[in-house]
Amino acid sequence: MSMKFVDEYRDAELGRALSAKILSSIVPGRHYKLMEVCGGHTHSIYKYGIDDLLPENVELVHGPGCPVCVMPMGRIDDGIAMAHEENVIFTCFGDMMRVPGSEKTFTDAKAEGADIRMVYSPLDALRIAKENPDRDVVFFAIGFETTAPSTALTLKRAKAEGVPNFFCMCNHVTIVPPLRALLDSPDLRLDGFIGPGHVSTVVGARPFEFIPADYGKPIVVAGFEPLDVLQSIDMILAQLSEGRAEVENQYGRVVPYEGNPAALNVMAEVFELRPHFEWRGLGFISQSALKLSEAYADLDAERRWEVPGVRVADPKACQCGEVLKGVIKPWECKVFGSACTPEHAIGTCMVSPEGACAAYYNYGRFAREREVV
Amino acid sequence: MRVKRIDSDRELALCEGEGGDRISVEIALVQPVAEGDVLLVHAGTAIAHAAEPERVSA
């Protein structure tokens with residue numbers, strides 16, 4: 001059975017042709033280091049073996065675009081404290097359940113008796129609030145600009161419908177500040193970026209113009225099918241070989257250059273920027289996360305309940321921070337595949353399906369020799 | 001996901017995924033929507049329309 005929107009981007013022959021084109025376009029002896037920003041791209045790269053189609057000179061490093069992975073332990077502790085509050089039903093996405101806090105996960109807290117429920121969308125959490133008017137329902141919101149519009153619409157709906165027992169603990173983060181932090185970091189020398197496709201459906205491609213303008217690096221917003229990723233790599237390498245640095249959009253079938261104005265408007269109404277926010281592995285980054293605006297303060301769970309708000313250092317053995325910055329590959333972490341597995345994860349990168357460590361582990365990807373050009 | 005049916009009053013659509021799974025999707029951010037449209041859905045909310053696939057060439 002053929003599947004429109006899928007088969008067009010999984011053609012093996014075209015994949016091999018793109019691979020050959022990439023091979024012919026690189027300068028022998030030059031090393032190219034490209035970062036795929038989004039965890040969805042990391043997943044595609046290892047699921048489809050895209051790195052095997054590239055010469056060794058073209059290195060892909062993983063970026064900070066997995067929202068579960070960048071969540072610091074202190075925020076998990078804050079969520080658990082909220083879940084243990086009297087009369088609270090605490091809701092979150094399924095992939096948050098096993099993310100370790102300093103002592104336990106949401107799954108552990110649920111086993112201890114906290115009423116923690118997995119939801120597919122924030123609207124499900126709002127429905128639970130309407131069905132349980134004598135309980136307080138908290139939605140633990142995470143995600144980049146891809147997911148933030150869904151939370152914003154739900155909060156707008158809760159306010160319009162006057163649902164008094166619905167609250168949001170907002171952990172939404174934004175993609176541009178960590179990219180700027182990475183570009184300013186002396187740890188990493190990058191030649192270009194595979195831009196985040198789904199975030200760009202909301203914010204558009206324009207917010208990435210600072211990358212070529214301020215840093216002279218190309219970025220190509222890309223889709224998630226194998227040919228999308230290969231074509232975007234080819235487009236980045238073409239820019240490099242021609243001495244260009246621009247924002248290009250490979251994912252034009254979904255991403256308008258200006259993004260989604262309706263989504264941006266609802267986000268602007270419901271959220272405002274936090275002065276700073278802690279990212280796992282990257283530390284505190286200014287104006288990199290969202291909180292509820294004053295107009296929605298009555299729905300803000302962090303104003304309704306006090307939380308510990310303590311900064312917690314990552315476990316010493318865990319090197320998620322280095323993985324998230326692209327400084328090391330997952331298999332180079334001391335605990336990868338031994339003490340840290342998807343079943344018993346120490347770090348967030350092994351918990352989330354979009355995490356680089358989980359992608360490597362689940363698809364059996366380890367360091368291998370490849371052709372040097 | 002492909003739009004199968006629309007509830008205009010509540011700005012919801014019944015959408016079907018690749019595997020035949022069906023869910024109710026918030027469509028307020030991608031209006032106008034018509035039956036048969038293909039939408040990109042995140043956390044129960046449609047955030048973009050998908051245009052016809054483009055041919056990738058090497």
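Quick note: structure is the one above.
Residues numbered from 1 in each chain as written. Chains lettered and ligands numbered in written order. Predicted model: local features only at pLDDT ≥ 70, side-chain atom pairs only at ≥ 80, totals over all residues. Heavy atoms only, no water.

Right, let's talk about the packing of helix H6 (residues 148-161) of chain A against helix H11 (residues 261-270) of chain A for a bit. For any two helices packed against each other, one specifies the crossing angle of their axes together with the interaxial distance. Residue and element names in this part refer to chain A. Viewed as axis vectors pointing N to C, H6 and H11 meet at an angle of 60 degrees, and their least axial separation amounts to 9 Å. Relative to H11, the element H6 lies oblique. Our pair here, H6 against H11, has a crossing hand that is left-handed. For the pair H6 and H11, contact is made by Ala148, Pro149, Ala152, Leu153, Leu155 and Lys156 and by Ala263, Val266, Met267, Glu269 and Val270, respectively. Class assignment for the residues of the contact of H6 with H11 results in nine nonpolar, no polar and two charged. (Axes fitted to C-alpha atoms, helices over the stretch in contact; angles between N-to-C directions. Helix = DSSP H or I, 4+ residues; strand = E, 2+ residues; numbered from the N terminus. Parallel < 35°, antiparallel > 145°, perpendicular 65-115°, else oblique. Left-handed = near helix turned anticlockwise from the far one by under 90°. Contact = heavy atoms within 4.5 Å. Nonpolar A, V, L, I, M, F, W, Y, C, P; charged D, E, K, R; others polar.)

Next up on the list: the packing of aromatic side chains. Residues and elements named next belong to chain A. Tallied over the full model, the rule gives eleven aromatic pairs over all chains. Plain terms: the ring middles of Phe224 and Tyr251 are 6.0 Å apart, the flat faces sit at 75 degrees to each other, and that makes the pair edge-to-face. Taken together, the residues span a long stretch of sequence, with Phe224 in the loop between strand S8 (219-221) and helix H10 (226-241) and Tyr251 in the loop between strand S9 (247-249) and H11 at a distance of 27 residues. Neither Phe224 nor Tyr251 differs from the other in exposure class; each is buried. Members of the aromatic cluster, each reached through a chain of ring pairs, are Tyr46, Trp331 and Tyr360. Seen from the ring of Tyr296, Lys159 lies directly overhead, with NZ or CZ sitting 5.4 Å from the centre. (Phe/Tyr/Trp six-rings, centres within 6.5 Å; stacked < 30°, edge-to-face > 60°. Buried < 20%, exposed > 50% of the residue type's maximum accessible area, 1.4 Å probe, protein only. Lys NZ or Arg CZ within 6 Å of the ring centre and 35° of its normal.)

Below, the discussion takes up the state of the cysteines. Residues and elements named next belong to chain A. One pass over the full model with this rule turns up one disulfide over all chains. For Cys66, the disulfide goes to Cys69, at an S-S distance of 2.4 Å. Since a negative S-S torsion denotes a left-handed disulfide, the Cys66-Cys69 link at about 70 degrees is right-handed. Classification of Cys66 by relative accessible area gives buried; the value is 3%. Cysteine Cys357 shares no disulfide, and the gap to the nearest cysteine sulfur, in Cys349, comes to 4.8 Å. (Disulfide = S-S within 2.5 Å.)

What follows deals with the pattern of salt bridges. All names here are of chain A. The tally for this structure, following the rule as stated, stands at 29 salt bridges over all chains. With a closest N to O distance of 3.0 Å, Asp115 and Arg117 form a salt bridge. We classify Arg117 as partly exposed; its relative accessible area is 28%. A salt bridge links Asp300 to Arg303, with the nearest nitrogen and oxygen atoms 3.7 Å apart. (Salt bridge = Lys/Arg side-chain N within 4 Å of Asp/Glu carboxyl O.)

Strands pair in a sheet through their backbones, by hydrogen bonds, and they do so in one of two ways: parallel or antiparallel. Residue and element names in this part refer to chain A. Overall, parallel pairing links the four strands, which are arranged S4-S3-S5-S6 in an open sheet. Of all strands in the sheet, those bounded by a partner on one side alone are strand S4 (116-118) and strand S6 (166-172). Strand-to-strand, the axes of this sheet are offset by a mean angle of 25 degrees, without reference to chain direction. Both strand S3 (residues 88-92) and S4 contribute to a ladder of three bridges, which runs parallel. Bridge assignment links Thr91 to a residue of S4, and that residue is Arg117. Against the sheet, helix H3 (residues 73-83) engages S3, S4, strand S5 (136-143) and S6, with an angle of about 170 degrees to S6. Of the strands in this sheet, S3, S4, S5 and S6 are in contact with helix H5 (residues 122-131), which crosses S5 at around 175 degrees. (Pairing = 2+ DSSP bridges.)

Residue pairs three or four apart in sequence face the same way in an α-helix, which turns once every 3.6 residues. All names here are of chain A. For H10, with 16 residues, the first-to-last C-alpha span of 23 Å sits near the 22 Å given by 1.5 Å per residue. Among the 16 residues in H10, 13 count as buried, and that is most of the element. Positive backbone phi, approximately 70 degrees, marks Gly243, located one or two places after H10. (Expected span 1.5 Å × (residues − 1).)

Keep in mind these numbers describe shape, not what the thing actually does.
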